[in-house]
Amino acid sequence: MYPVGRSSPRIALRELALEDVDAVLAIYGSPEATEHLSFEPRSREEVAKMVTRSIGSASATPRIEYALAVIEQATNELIGLGRLAADPHQQRGATLGFALRPSAWGVGYGVEMVRLLLSLGFDDLGLHRIWGARSPLNDASAKTMAVVGMVEEGVIREHVLKAGRWRDSVVHAILDREWQSTTSA
């Protein structure tokens, strides 16, 4: 499926473009924005490589990764990134990831973004299960995933090595029938 274009009244998902590197750097290069992510802040060169790789993977057949820009409709600015990637360990399953620029935190964009990603996965791609992992200290992510109907399933112990220390990850997931019940209510 290319190109992806999904929107809500306040945000839209679109394919990444080379011109997005600096806006992505404002997220992935930020110590604040990456505090609970699984990696250290990235350099401009690392972000440029990631954007280029994501653009290339968008045209792969079959497409197994959807790395998408999150655009604020009112300003047309890139404020976040959302990602769905096929999980090779489960049939019709995918992992979910999301990040927002710190200036876009606290106003509900995370919930809207995750709902758009879940809709893409379930409604367009026919997935059965979508899961994501978060830092145990990331309360905002926990709340976002709970609001959209994702269920906390458990902890993967010492799953991420960051800043020389092992960190656990908390797993949340949602099934297609659970998604359908949240959208039909």
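Note: the structure precedes this text.
First, a word on what this report is: a plain description of the structure on this page. Here the structure is a predicted model, which is why all the values come from computation and not from measurement. (Residues numbered from 1 in each chain as written. Predicted model: local features only at pLDDT ≥ 70, side-chain atom pairs only at ≥ 80, totals over all residues. Heavy atoms only, no water.)

**Structural notes on the pairing of strand 6 (residues 129-134)**
Next up, step 1: The buried fraction of strand 6 is high, at five of six residues.
Next up, step 2: The sheet contact formed by strand 5 (residues 93-100) and strand 6 spans three bridges and is parallel. Directly across from Thr95, in strand 6, lies its bridge partner Trp131.
Next up, step 3: Considered for its hand, the β-α-β crossover made up of strand 5, helix 3 (residues 109-124) and strand 6 is right-handed.
Next up, step 4: Relative to strand 8 (residues 165-175), strand 6 runs antiparallel, the two sharing six bridges. Of the residues in strand 8, the one forming a bridge with Gly132 is His172. (Buried < 20%, exposed > 50% of the residue type's maximum accessible area, 1.4 Å probe, protein only. Helix = DSSP H or I, 4+ residues; strand = E, 2+ residues; numbered from the N terminus. Pairing = 2+ DSSP bridges. Right-handed = clockwise from strand over helix to strand, strands pointing away.)

**As for unusual backbone geometry**
Next up, step 1: That bond from Thr61 to Pro62 is cis: its omega, 0°, falls within 30 degrees of zero.
Next up, step 2: By secondary structure assignment, the location of Pro62 is in the loop between helix 2 (44-57) and strand 3 (65-72).
Next up, step 3: Located in the positive-phi region is Asn76, a residue other than glycine, with phi close to 60°.
Next up, step 4: Inspection of the secondary structure puts Asn76 in the loop between strand 3 and strand 4 (77-86).
Next up, step 5: Look at Asn76 and you get exposed, because its relative accessible area is 64%.

**Regarding the packing of aromatic side chains**
Next up, step 1: In this structure the tally under the stated criterion is two aromatic pairs.
Next up, step 2: For the ring pair Tyr28 and Phe39, a centre distance of 5.0 Å and an interplane angle of 80° mean the geometry is edge-to-face. Here Tyr28 is found in helix 1 (residues 21-28), whereas its partner Phe39 is found in the loop between helix 1 and helix 2, with eleven residues between them in sequence.
Next up, step 3: Aromatic pair Phe122 and Trp179: ring centres 6.1 Å apart, planes at 25°, arrangement stacked. Residue Phe122 is found in helix 3, and its partner Trp179 is found in helix 5 (residues 176-184); the two are separated by 57 residues along the sequence. With respect to burial, Phe122 and Trp179 carry one shared label: buried.
Next up, step 4: In this arrangement the basic side chain of Arg42 is found over the ring face of Tyr28, its NZ or CZ atom lying 5.5 Å from the centre.
Next up, step 5: One cation-aromatic arrangement involves Arg42 over Phe39; the distance from NZ or CZ to the ring centre is 3.7 Å. (Phe/Tyr/Trp six-rings, centres within 6.5 Å; stacked < 30°, edge-to-face > 60°. Lys NZ or Arg CZ within 6 Å of the ring centre and 35° of its normal.)

That's the geometry; what it means functionally is another story.
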